[in-house]
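# Notes for the structure review
Spelled out from the first residue to the last, the chains are:
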Amino acid sequence: MSQSTPLREFVRYSALSSCGMIAVSCYILADTFFVAQGLGTAGLAALNLAIPIYNFIHGTGLMLGMGGATKYSIHQSRGDPGGASRMFTGMLLLSVLFSIPFLLLGLFCSHGITVLLGADQAVFEMTRTYLQVLLLFAPATLVNDVLLCFVRNDGDPRLSMLATAAGSLANIVLDYIFIFPMGMGIFGAVLATGMSPVLGILILLPHCIRKKGDLRLVPGPTASALSLGLPSLLAQLSSAVVMIAFNSIILGLEGNTGVAAYGVIANISLVVTAVYTGISQGIQPLVSTAHGQDRPGLIRQYLRYALITLLVLSAALYLLLFLFAGPVALIFNSEGDPRLQQIAEEGLRLYFTGALFAGFNIILSMYFTSVERALPAHITSLLRGFLLILPMAFLLAACWGMTGVWLAFPLTEAVTAALGAGFYALYARRGRARS
């Protein structure tokens, strides 16, 4: 990294990471599009009820991957390759161990989980099928998440991006084949999603087997990394909990049509969030390395690049969604349902007013994680994921119906961003005082 300028390294890591994360979100968007075209409003509602399960699985994988990879970079920058290798080995073993509960849930509890998610008779079987197959593919998802994070931090962000993009492209192609020519319905959609991380693992494994970087299998203690990975888990869990809560509220307000409309919002939100997550994951190895080398000026430089990028992208994304809310909603409204169209258009314009604040919170949380400040990262994640948005959603929905539901997200993110900025200012002042 020292052979290049900070700006060039930021662009390299963040651009490749963002492309990879966008590819991940695009294969979920592909599910949404093909299910909407092939199975209509009922299929879209079933998909949106089941998809929070993916956040639980993916969040666990990111907790292991991001926490372990952060420690890996710090060990490497401090000249401790043995400690770095122990992190890699431990996170791989934990990914296998943590996948066992998901497998058991998929084998024995899919019916009960579907009931808890609120699926009615019209969409029950499709919802159960989708979440069961997601759970059964959990081992591949967790191992893929860990490998992606470690290969990126081992100096090969390009390979991580290629593995993610290849898996996503395969998912999109298989989505079409399974749903339309083969007529496999919702099972075909989720089967394509489950096979995507398998391909990613096959692409990433040669980096480890051929020892192209510094990744080695060395057993040892790794529990300290889980604390640093917890904000990544909380971010995904928050998305899942928010979707479940919003689905429950919207079912009471607008029924399956409202849930289908929210599915449009939620899945586009995955793409927007993926851009921000890509920026944050891009700066993580850079900030962690600079932290290990005790270079606070360089850390601030990387953070400044990330926030400027966030501001420009957020303005462009919101302008695009505001101006083209109608055509975007229509893409997923294959039956031309006027009520679905109306709800989705209003949702796109209101919900994404919080995009800039959400991006700020994601980047700041990753910054705190990268410099081993786990507590403010945890607080930020808990506020935006549980403590603020849930009461906000129920309160505003009771006052203003669907408009209140859409406004809960931007208000929560704005309050959390203000508190996060306060944490940053506090730690920055302490750092200056020590120096």
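Up top is the structure.
Residues numbered from 1 in each chain as written. Predicted model: local features only at pLDDT ≥ 70, side-chain atom pairs only at ≥ 80, totals over all residues. Heavy atoms only, no water.

### What to know about the overall build of the chain
The helix and strand tally for the chain stands at 16 helices and zero strands. Computed over the C-alpha atoms, the radius of gyration of the chain is 21 Å, within 12% of the 22 Å expected from 2.2 N^0.38 for a compact globule of 435 residues. The C-alpha extent of the chain, read off along each of the three principal axes, is 60 × 45 × 35 Å. In the chain, which comprises 435 residues, the proportion classed as buried is 57%. For the chain, the share of sequence-separated contacts (at least 6 apart) that also reach a separation of at least 24 residues comes to 83%. Accessible surface, the chain: about 16,800 Å² in total, of which carbon and sulfur atoms supply 69%. When the 23 positive and 18 negative side-chain charges of the chain are each reduced to one mean point, those points stand 16 Å apart. (Helix = DSSP H or I, 4+ residues; strand = E, 2+ residues; numbered from the N terminus. Rg over C-alpha atoms; globule rule 2.2 N^0.38 Å. Buried < 20%, exposed > 50% of the residue type's maximum accessible area, 1.4 Å probe, protein only. Contact = heavy atoms within 4.5 Å. Areas by Shrake-Rupley, 256 points an atom, 1.4 Å probe, with all protein chains shown as cover. Lys, Arg positive; Asp, Glu negative; His and termini not counted. Charge placed at Lys NZ, Arg CZ, Asp CG, Glu CD.)

### Digging into helix H15 (residues 389–400)
For H15, spanning 12 residues, the distance from its first C-alpha to its last is 16 Å, which sits close to the expected 16 Å at 1.5 Å a residue. Of the positions making up H15, those classed as buried are Ile 389, Met 392, Ala 393, Leu 396 and Ala 397. Down the axis, H15 shows its buried residues gathered within 120° of arc, on one side only. Counted as exposed and oriented over 90 degrees from the buried face of H15: Leu 395 and Ala 398. (Expected span 1.5 Å × (residues − 1). Arc of directions from axis to C-beta.)

### Digging into the nonpolar core
Counting 96 residues, the largest nonpolar core has Tyr 130, Phe 246, Tyr 262, Leu 348 and Trp 406 as the members making the most contacts within it. For this core, the element with the highest residue contribution is helix H9 (residues 224–292), accounting for 21 residues. Apart from residues lying up to four places away in sequence, Phe 246 is in contact with Tyr 262, Tyr 351, Ile 389, Ala 393, Val 405 and Ala 408. Of all hydrophobic cores here, the second largest spans 23 residues; its members include Met 63, Met 87, Leu 94 and Ile 201. (Core = buried A, V, L, I, M, F, W, Y, C linked by side-chain atoms within 4.5 Å.)

### Quick notes on the side chain of Ser 160
One can find Ser 160 in helix H7 (residues 157–179). On the accessibility criterion, Ser 160 (3% relative accessible area) is buried. A distance of 3.2 Å separates a polar side-chain atom of Ser 160 from the backbone nitrogen of Arg 152. Once residues within four sequence positions are removed from consideration, Ser 160 is found in contact with Leu 148, Val 151, Arg 152 and Leu 204. (Polar contact = N/O pair within 3.5 Å; in protein donor to acceptor, adjacent residues only side chain to side chain.)

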